Amino acid sequence: AQKITQTQPGMFVQEKEAVTLDCTYDTSDPSYGLFWYKQPSSGEMIFLIYQGSYDQQNATEGRYSLNFQKARKSANLVISASQLGDSAMYFCAMRVDNNDMRFGAGTRLTVKP
Amino acid sequence: GAGVSQSPSNKVTEKGKDVELRCDPISGHTALYWYRQRLGQGLEFLIYFQGNSAPDKSGLPSDRFSAERTGESVSTLTIQRTQQEDSAVYLCASSYGALAGNEQFFGPGTRLTVL
């Protein structure tokens with residue numbers, strides 16, 4: 001069975017600093033995808049970044065990067081140069097082929113001015 | 001093109017009534033997913049469709065919940081005899097396929113309130 005764990009219910013970061021949101025996963029399937037979504041207070045789910053299990057390099061998308069450590073089964077999200085608009089819930093998710101996506105419990109990030 | 005749409009955006013109902021929630025996926029997306037999100041909590045998987053078949057119904061919380069999908073198009077989630085604990089936002093998502101790398105695109109959700 002797939003399992004996603006986010007152990008940080010809430011995180012604070014000073015504006016313009018970097019922050020790391022933790023995510024660990026568990027699956028016996030060798031082929032899987034890891035996703036991060038942002039959910040602001042408006043409730044929409046916004047896709048941020050994707051990492052495939054066979055990808056050799058860590059994924060990056062603008063200020064977002066994914067620190068993928070396969071042996072440790074972790075897929076932490078790093079947000080650089082935090083902005084006030086980054087304040088939101090962040091969800092880590094995992095998917096294996098022909099299956100649904102499973103989400104972690106989420107981390108609420110608050111960016112302080 | 002249009003994204004995933006859901007209707008209604010808000011639904012208030014009385015305990016014991018039945019409700020139907022609708023999801024229109026992105027055209028061409030074969031996979032469709034329903035999630036429930038209670039206030040301040042994460043996403044709880046309900047059911048997943050590949051085409052109009054549902055390989056995984058394991059997340060449906062009780063037999064009061066059912067879902068169907070017409071072809072590779074609209075899906076409806078039906079909750080019978082609603083209870084107050086059913087109050088939540090119900091999110092629908094679709095993806096082009098069901099492979100590990102296929103991103104899910106989410107609709108805006110239906111906020112259900114059971115009085």
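Looking now at the sheet that holds strand β7 (residues 65-69) of chain B. All names here are of chain B. Spatial ordering of the open sheet is given by β1-β3-β8-β7, a layout of 4 strands whose pairing is antiparallel. This sheet does not close on itself; its edge strands, each paired only once, are β1 (5-7) and β7. On average, each strand axis in the sheet is tilted by 15 degrees relative to the strand beside it, whichever way the strands run. By the bridge criterion, 5 bridges tie strand β3 (residues 19-24) to strand β8 (residues 75-79) in an arrangement that is antiparallel. Opposite Glu 20, over in β8, you have Thr 78 as the bridge partner.

A few words on the interface of chain B and chain A. Taken residue by residue, the interface counts 22 residues in chain B and 21 residues in chain A. There are 0 salt bridges connecting chain B and chain A. The interface formed by chain B and chain A holds 7 residue pairs in polar contact (both at pLDDT 80 or more) in total. Broken down by element, the residue count for the side of chain B that touches chain A peaks at 4 residues, all from strand β4 (residues 31-37) of chain B.

Let us now look at the pairing of strand β9 (residues 74-79) of chain A. Residues and elements named next belong to chain A. The buried count for β9 comes to 5 of 6 residues, which makes it a mostly enclosed element. Relative to β9, strand β3 (residues 19-21) is paired through 3 bridges, and the arrangement is antiparallel. Counterpart to Leu 21 in the pairing with β9 is Leu 77. Pairing between strand β8 (residues 64-69) and β9: 6 bridges, direction antiparallel. Its bridge partner being in β9, Asn 67 is matched across the sheet by Asn 76. The turn joining β8 and β9, which pair antiparallel and follow one another in sequence, is formed by 4 residues; a positive phi near 55 degrees is taken by Lys 73.

The next subject is the state of the cysteines. Throughout the structure, instances matching the rule amount to 2 disulfides over all chains. Each sulfur in the disulfide pair Cys 23 of chain A and Cys 92 of chain A lies 2.0 Å from the other. Because the torsion about its S-S bond is -65 degrees, the bridge between Cys 23 of chain A and Cys 92 of chain A counts as left-handed. In this pair, Cys 23 of chain A is assigned in the loop between β3 and β4 (24-26) and Cys 92 of chain A in strand β10 (residues 88-96), connecting sequence segments 69 residues apart. No difference in accessibility class separates Cys 23 of chain A from Cys 92 of chain A, as the two residues are buried. Cys 23 of chain B shares a disulfide with Cys 92 of chain B; S-S distance 1.8 Å. Here the disulfide of Cys 23 of chain B and Cys 92 of chain B is left-handed, its torsion about the S-S bond being about -65 degrees.

Our next topic: the packing of aromatic side chains. Pairs of aromatic rings are described using the distance from one ring centre to the other and the angle between the two planes. For the structure on display, the rule yields 12 aromatic pairs over all chains. One aromatic cluster is present, built from ring pairs that chain together Phe 35, Tyr 37, Phe 47, Tyr 50 and Phe 103 of chain A together with Tyr 35, Phe 45 and Phe 106 of chain B. When the ring centre of Tyr 64 of chain A is taken as reference, the NZ or CZ atom of Arg 63 of chain A above it lies at 5.8 Å.

This paragraph deals with the pattern of salt bridges. Two side chains of opposite charge can pair, provided their charged atoms sit close to one another. Tallied over the entire structure, the rule returns 6 salt bridges over all chains. The partner of Asp 86 of chain A in a salt bridge is Arg 63 of chain A, with the nearest N and O atoms 2.8 Å apart. Here Asp 86 of chain A, found in the loop between β9 and β10, pairs with Arg 63 of chain A, found in the loop between β7 (60-61) and β8; they are 23 residues apart in sequence, far enough to count as distant. Judged by its relative accessible area of 2%, Asp 86 of chain A is buried. A salt bridge links Lys 17 of chain B to Glu 14 of chain B; the nearest nitrogen and oxygen atoms lie 3.7 Å apart. Look at Glu 14 of chain B and you get partly exposed, because its relative accessible area is 49%.

Positionally, Tyr 48 of chain B belongs in strand β5 (residues 43-50). With a relative accessible area of 2%, Tyr 48 of chain B lands in the buried category. A sequence separation of 45 residues divides Tyr 48 of chain B from Ala 93 of chain B, and the C-alpha atoms of the two residues are 9.4 Å apart. Here Tyr 48 of chain B is in contact with Asn 98, Asn 99 and Asp 100 of chain A together with Ala 31, Leu 32, Tyr 33, Ser 53, Ala 54, Pro 55, Asp 56 and Ala 98 of chain B, once residues within four sequence places are set aside.

Conventions used here
Residues numbered from 1 in each chain as written. Chains lettered and ligands numbered in written order. Predicted model: local features only at pLDDT ≥ 70, side-chain atom pairs only at ≥ 80, totals over all residues. Heavy atoms only, no water. Pairing = 2+ DSSP bridges. Helix = DSSP H or I, 4+ residues; strand = E, 2+ residues; numbered from the N terminus. Axes fitted to C-alpha atoms, helices over the stretch in contact; angles between N-to-C directions. Contact = heavy atoms within 4.5 Å. Salt bridge = Lys/Arg side-chain N within 4 Å of Asp/Glu carboxyl O. Polar contact = N/O pair within 3.5 Å; in protein donor to acceptor, adjacent residues only side chain to side chain. Buried < 20%, exposed > 50% of the residue type's maximum accessible area, 1.4 Å probe, protein only. Disulfide = S-S within 2.5 Å. Phe/Tyr/Trp six-rings, centres within 6.5 Å; stacked < 30°, edge-to-face > 60°. Lys NZ or Arg CZ within 6 Å of the ring centre and 35° of its normal.

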